[in-house]
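A structural walkthrough
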Amino acid sequence: YDVATLAPLRGPYPLGWFTVGPSPAPPARRLDAHWEDGVRLVGADLPPEMAHPGDALDLRLVWSSDTPLAEDYVVFVHLVGDGGAPLAQRDQPPEAGFYPTSGWAAGEWVADAYTLTIPADTPTGVYQLVTGLYQSETNERLSLASGGDAFPLQAIQIVDAD
């Protein structure tokens, strides 16, 4: 902008996606899950393996892509029982929508935090924490390279809150 008139000196210049700050810290647990389209789950910082009804499960997933992605995917993290229906879930675009997958550079690590709250009326038992990705317009899940569409992260045992 011109200081005196506040008129623009030139039109907008698109910069594309960029990040500020250091790369994400390495995950506590290394994983190497591959989805079609080149998406990779590098690793995770997972919650304790035992929880109570009403507890919040905090986790961090570190993603990457082998190639630039044309699609914007939503990540899901579900706590599921034997039937596979979500008991608790968090679905969100990476970094709460601030860094869509179409902006990722090949090989870049993208860390994202998720919190799931276990319903207060959850029966005791063992549940599975799973993750995956889907296309938001069609709700079609991205398939794992090894088959299926949800990657098991860990078992969570729900115990009484005695």
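The structure this text deals with has already been given above.
Quick look at the structure, then. Worth saying up front: this structure is predicted, and the values here are computed from it rather than measured.

**Some remarks on the overall build of the protein**
- Within the protein, the secondary structure is distributed over 0 helices and 10 strands.
- Order of helices (α) and strands (β) in the protein, N terminus to C terminus: β-β-β-β-β-β-β-β-β-β.
- Here the protein has a C-alpha radius of gyration of 19 Å; the compact-globule value for 162 residues is 15 Å, and the former is much larger.
- Expressed as lengths along the three principal axes of its C-alpha atoms, the size of the protein is roughly 70 × 35 × 30 Å.
- Out of the 162 residues in the protein, the part that is buried amounts to 38%.
- Surface summary for the protein: the accessible area is close to 9,200 Å², and the carbon and sulfur share equals 54%.

**What about the sheet that holds strand β1 (residues 29-34)?**
- Spatial ordering of the open sheet is given by β1-β2-β4-β7, a layout of 4 strands whose pairing is antiparallel. Strands at the two margins of the open sheet, each flanked by one partner only, are β1 and β7 (110-117). The sheet shows a mean angle of 30° between the axes of neighbouring strands, taken without regard to direction.
- As judged from the 6 bridges shared by strand β2 (residues 39-45) and strand β4 (residues 56-65), these two strands associate in the antiparallel manner. In the sheet register, Val39 faces β4, and the bridge partner there is Ser65.

**Focus on the nonpolar core**
- Trp35, Leu41, Leu61, Trp63 and Leu79 are the most contacted members of the largest nonpolar core, which has 32 residues in total.
- Going through the elements one at a time, β1, β2, β4, β5 (73-80), β7, β8 (125-135) and β10 (151-158) are the ones with two or more residues in this core.
- If we ignore the near neighbours within four places in the chain, the residues touching Trp35 are Leu41, Trp63, Thr131, Gly132, Leu133, Leu142, Ser143, Leu144, Ala145, Asp149 and Phe151.

**Section: a negative patch on the surface**
- Residues Glu36, Asp37, Glu71, Asp72 and Glu137 make up a contiguous surface patch of negative charge.
- Note that Glu137 resides in the loop between β8 and β9 (140-141).

**Quick notes on the pattern of salt bridges**
- All chains considered together, the criterion is met by 4 salt bridges.
- For the salt bridge of Asp32 with Arg40, the shortest nitrogen-to-oxygen distance reads 3.7 Å.
- Ionic pairing is found between Asp66 and Arg40, a salt bridge with its closest N-O pair at 3.2 Å. Here Arg40 lies in strand β2 and Asp66 lies in the loop between β4 and β5, a separation of 26 residues in the sequence.
- For Arg40, a relative accessible area of 18% gives the class buried.

Rules and cut-offs
Residues numbered from 1 in each chain as written. Predicted model: local features only at pLDDT ≥ 70, side-chain atom pairs only at ≥ 80, totals over all residues. Heavy atoms only, no water. Helix = DSSP H or I, 4+ residues; strand = E, 2+ residues; numbered from the N terminus. Rg over C-alpha atoms; globule rule 2.2 N^0.38 Å. Buried < 20%, exposed > 50% of the residue type's maximum accessible area, 1.4 Å probe, protein only. Areas by Shrake-Rupley, 256 points an atom, 1.4 Å probe, with all protein chains shown as cover. Pairing = 2+ DSSP bridges. Axes fitted to C-alpha atoms, helices over the stretch in contact; angles between N-to-C directions. Core = buried A, V, L, I, M, F, W, Y, C linked by side-chain atoms within 4.5 Å. Contact = heavy atoms within 4.5 Å. Patch = residues over 30% accessible without salt bridge, like charges linked within 9 Å, V, L, I, M, F, W, Y side chains within 5 Å. Salt bridge = Lys/Arg side-chain N within 4 Å of Asp/Glu carboxyl O. Lys, Arg positive; Asp, Glu negative; His and termini not counted. Charge placed at Lys NZ, Arg CZ, Asp CG, Glu CD.

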